[in-house]
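# Close look at the chain arrangement
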Amino acid sequence: MKSKFGDNAENVSAAWLIGRVKIRSDRGKEGEKLGYMRGGFNSLIEALAGEITANGGEIRTNREVTEIMIKDNAVEGVIVNGDFVACDAVISTAEPVVLDSITGGKLGALHDTLRNIHYQGTACALIGLDSRLMGDGNYWLNIKADVPFGAVIEHTNFLPFEDYGENLVYVTSYFQNRKSPLWTQKEEDVIDSYLKGLERMFPEFSRKDVLWTKLYRRIDTAPVYEQGYLEKVLPFAAGPSGLYLAGMFSSSNYPERSMNGSVKAGFESAELLMKEKGTKS
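Description of the structure in this document.

Definitions and cut-offs
- Residues numbered from 1 in each chain as written.
- Predicted model: local features only at pLDDT ≥ 70, side-chain atom pairs only at ≥ 80, totals over all residues.
- Heavy atoms only, no water.
- Phe/Tyr/Trp six-rings, centres within 6.5 Å; stacked < 30°, edge-to-face > 60°.
- Buried < 20%, exposed > 50% of the residue type's maximum accessible area, 1.4 Å probe, protein only.
- Helix = DSSP H or I, 4+ residues; strand = E, 2+ residues; numbered from the N terminus.
- Pairing = 2+ DSSP bridges.
- Axes fitted to C-alpha atoms, helices over the stretch in contact; angles between N-to-C directions.
- Core = buried A, V, L, I, M, F, W, Y, C linked by side-chain atoms within 4.5 Å.
- Contact = heavy atoms within 4.5 Å.
- Salt bridge = Lys/Arg side-chain N within 4 Å of Asp/Glu carboxyl O.
- Expected span 1.5 Å × (residues − 1).

## Quick look at the packing of aromatic side chains
Applying the stated criterion across every chain, the model contains ten aromatic pairs. With centroids separated by 6.5 Å and ring planes inclined at 70°, the aromatic side chains of Y36 and F41 adopt a geometry described as edge-to-face. A residue is classified by how much of its surface remains accessible, and Y36, at 33% relative accessible area, is partly exposed. Overall, F41 belongs to the partly exposed group, its relative accessible area being 33%. Arranged with centres 6.0 Å apart and planes meeting at 65°, the rings of Y225 and Y254 form a pair that is edge-to-face.

## Regarding the pairing of strand β2 (residues 74–80)
In terms of burial, β2 is a largely internal element, five of the seven residues being buried. Alignment of strand β1 (residues 65–71) against β2, held across six bridges, turns out to be antiparallel. By the bridge assignment, K71 is partnered in β2 with A74. If you look at the hairpin formed by β1 and β2, you'll find two residues sitting between the two strands, and D72 has a positive phi there, around 50°. Hairpin geometry of β2 and strand β3 (residues 83–86) is characterised by an intervening segment of two residues between the two adjacent antiparallel strands and by a positive phi of about 50° at N81.

## Details of the sheet that holds β2
With antiparallel pairing, three strands are arranged side by side in an open sheet as β1-β2-β3. Edge positions in the sheet fall to β1 and β3, since each of these pairs with one other strand and no more. Within this sheet the neighbouring strands show an average axis-to-axis angle of 30°, counted without direction.

## Remarks on the nonpolar core
F5, I68, L107, L114, L243 and F249 are the most contacted members of the largest nonpolar core, which totals 25 residues. Mapped by element, the contributors of at least two residues to this core are β1, β2, α4 (96–102), α5 (110–115) and β10 (243–245). In contact with I68, not counting residues within four places along its chain, are V75, G77, V78, V90, L99, I102, T103 and L243. If you look at the next biggest cluster of nonpolar residues, it comprises 22 residues, including I127, L133, F149 and L198.

## Describing the sheet that holds strand β6 (residues 140–142)
If you trace the five strands from one edge of the open sheet to the other, you get β6-β7-β8-β5-β9, paired in antiparallel fashion. Looking at strand neighbours, the two that pair on one side only are β6 and β9 (210–223), the edges of this open sheet. Between one strand and the next, the sheet's axes are offset by a mean angle of 15°, whatever the strand orientation. Bridge count between strand β5 (residues 119–129) and β9: ten bridges; the pairing is antiparallel. Residue pairing across strands places Q120 opposite A222, the latter belonging to β9.

## Structural notes on the pattern of salt bridges
According to the stated counting rule, one finds nine salt bridges in the structure shown. In this structure, R115 engages D100 in a salt bridge whose closest nitrogen and oxygen atoms are separated by 2.8 Å. Residue R115 is found in helix α5, and its partner D100 is found in helix α4; the two are separated by 15 residues along the sequence. We classify D100 as buried; its relative accessible area is 3%.

## Overview of helix α7 (residues 187–201)
Over its 15 residues, α7 runs 21 Å from end to end, which matches the ideal 21 Å to within 8%, given 1.5 Å per residue. V190, I191, S193, Y194, L195, G197 and L198 are the residues of α7 that are buried. Considering only its buried residues, α7 is in contact with β5, β7 (151–154), β8 (167–175), α6 (181–184) and β9.

## Points about the environment of L168
With respect to the helices and strands, the residue L168 is situated in strand β8. When its relative accessible area of 8% is taken as the criterion, L168 is described as buried. Sequence separation of L168 and I153 is 15 residues, and the distance between their C-alpha atoms is 8.5 Å. What L168 contacts, discounting residues up to four positions off in sequence, is L126, I127, G128, I153, E154, H155, T156 and W212.

Rendered as structure tokens:
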């Protein structure tokens, strides 16, 4: 709990913890099944993108949405890179505070709810190694030791080494806000602190085995499941007409956020949109 939520650990809901443990403990016929998509989730994204464009859809990336235009309690368009784009509906997966900001305070009663859903950040390092780190069979290790990360995952102890041609390890840590060293430090300094942690944990580990490193950081990785969080989970259509909410704070991502939950949220919000707008799938 401490490694996952840091200073917020004491505020996390016991109901959430029980729900999370129940999912992880149910290994029966109808219980949770875990897996990994060969080639990564980018394979899924590319397939979806291909299907959309093949059916006449258009995908625009690397464009900033600075405002969702709402008039008379209904969506009328968005401002993208400074230009107005008319649309009948918007499905938002943005962090609550961001969504509240780009809707210009026109969410009414939703304003306070969104402002009270708090997110935390993460700093995840992917490391290519010339040799194994944890040995055969060890995939995921949660950490309690005095190191600057909460988990070590040796990906090529789960997926075949032949898929990648090198050993892949990633280490990750959550942080609470923009003041955290994991957010403010330079990338090479965070990587150095992670490698020092690995040296402390694994005496046989040598930096000579490190082929390359890559750090990815986000300030809004996941919700903090504080007491009363479940009461803040919003329905897919909770605000102005034409605005649908499918972010990580949706019901499909409770008590555990996941790619599976995000896909479900996408389907459910899209189906609701089509039903309300009278369109066909």
